[in-house]
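# Architecture at a glance
The lines below spell out each chain.
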Amino acid sequence: QSFAEPSLSPDGRRIVFTRASIDGQASLWLLDLDASEPRPLLAEKANAMEPLFSPGGEAVIFVSDRAGSEGNVWTIDLASRRITPVTLSPTLVNSPVAARDGRLAVATFSHQTDLYLDAVDGSSQRRLTFHTHDNFGPRLSPDGRKIAYMSNRTGEPGIWLLDLESGEERRLTDN
């Protein structure tokens, strides 16, 4: 078994993480920091990975192949255990990251990798990058106004910053 992708809750009292079994099955586990043992949050035949807490901490956002596609973003309400889809794309969606205002940045993989901004409730989606090559690993600023991400669109990897209001992109590192 292996453990990966820990995410701390907004109140700092819980951690959600991925636990992979020996056969490679990935499930979500929850650990209350005042408790001694983690407990399964979501263990089923579908893989669940890349967990993070919603901005208010009432739900966990995660990537799963539960709809039969390679991977989409879902939420699980911690009180009711109700699971809701956020994205239903035929291509792999991964690297979710949430802003305090409920927006979610994700990367999609097809012939190129682009970034999208979604509402956590799945009500809207906005494509952010339109470059050939790959754009991945988005991280939203705490105020939700900018996204830092990796891109190899110049032929070499670098970190870029995207202003969500103006659409201006700026390269921050060179290779």
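Summary of the structure given here. Each chain carries its own residue numbering, running from 1 in the written order of its sequence. Totals for whole chains, interfaces and linings use all residues, but because this is a predicted model, local features are given only for residues with pLDDT of at least 70 and pairs of side-chain atoms are given and counted only at 80 or more. As a rule here, side-chain values cover all heavy atoms of the structure and leave hydrogens and water aside.

### Points about the environment of V106
In this description a helix means any DSSP run of H or I spanning at least four residues, a strand means any run of E spanning at least two, and both kinds are numbered starting from the N terminus. With respect to the helices, strands and loops of the structure, V106 is situated in strand β10 (residues 103-109). V106 sits 10 residues away from Y116 along the chain, and the two C-alpha atoms are 5.3 Å apart.

### Regarding the environment of V97
In this fold, V97 is placed in strand β9 (residues 92-98). Throughout, exposure labels follow a simple rule: accessible area from a 1.4 Å probe, protein chains only, divided by the maximum for the residue type, with under 20% read as buried, over 50% as exposed, and the rest as partly exposed. Given the relative accessible area of 12%, V97 is considered buried. Linking V97 and P138, residues 41 residues apart in sequence, is a C-alpha distance of 6.9 Å. Residues count as neighbours in contact if any of their non-hydrogen atoms are within 4.5 Å of one another. Beyond its immediate sequence surroundings of up to four residues, V97 is in contact with L52, R103, L104, A105, P138, R139 and L140.

### Quick word on the pattern of salt bridges
When a carboxyl oxygen of Asp or Glu lies within 4 Å of a side-chain nitrogen of Lys or Arg, that pair is called a salt bridge. What the rule picks out here adds up to three salt bridges. A salt bridge links R39 to D32, with the shortest nitrogen-to-oxygen separation between them at 2.9 Å. On the accessibility criterion, R39 (33% relative accessible area) is partly exposed. For D32, a relative accessible area of 18% translates into the label buried. For the salt bridge of R145 with E165, the shortest nitrogen-to-oxygen distance reads 3.2 Å. Of this pair, R145 sits in the loop between β13 (135-140) and β14 (146-151) while E165 sits in the loop between β15 (158-163) and β16 (169-171), and the two are 20 residues apart along the sequence. The exposure class of R145 is partly exposed, given its relative accessible area of 42%. For E165, a relative accessible area of 60% puts it in the exposed group.

Read these as spatial facts, not as claims about activity.
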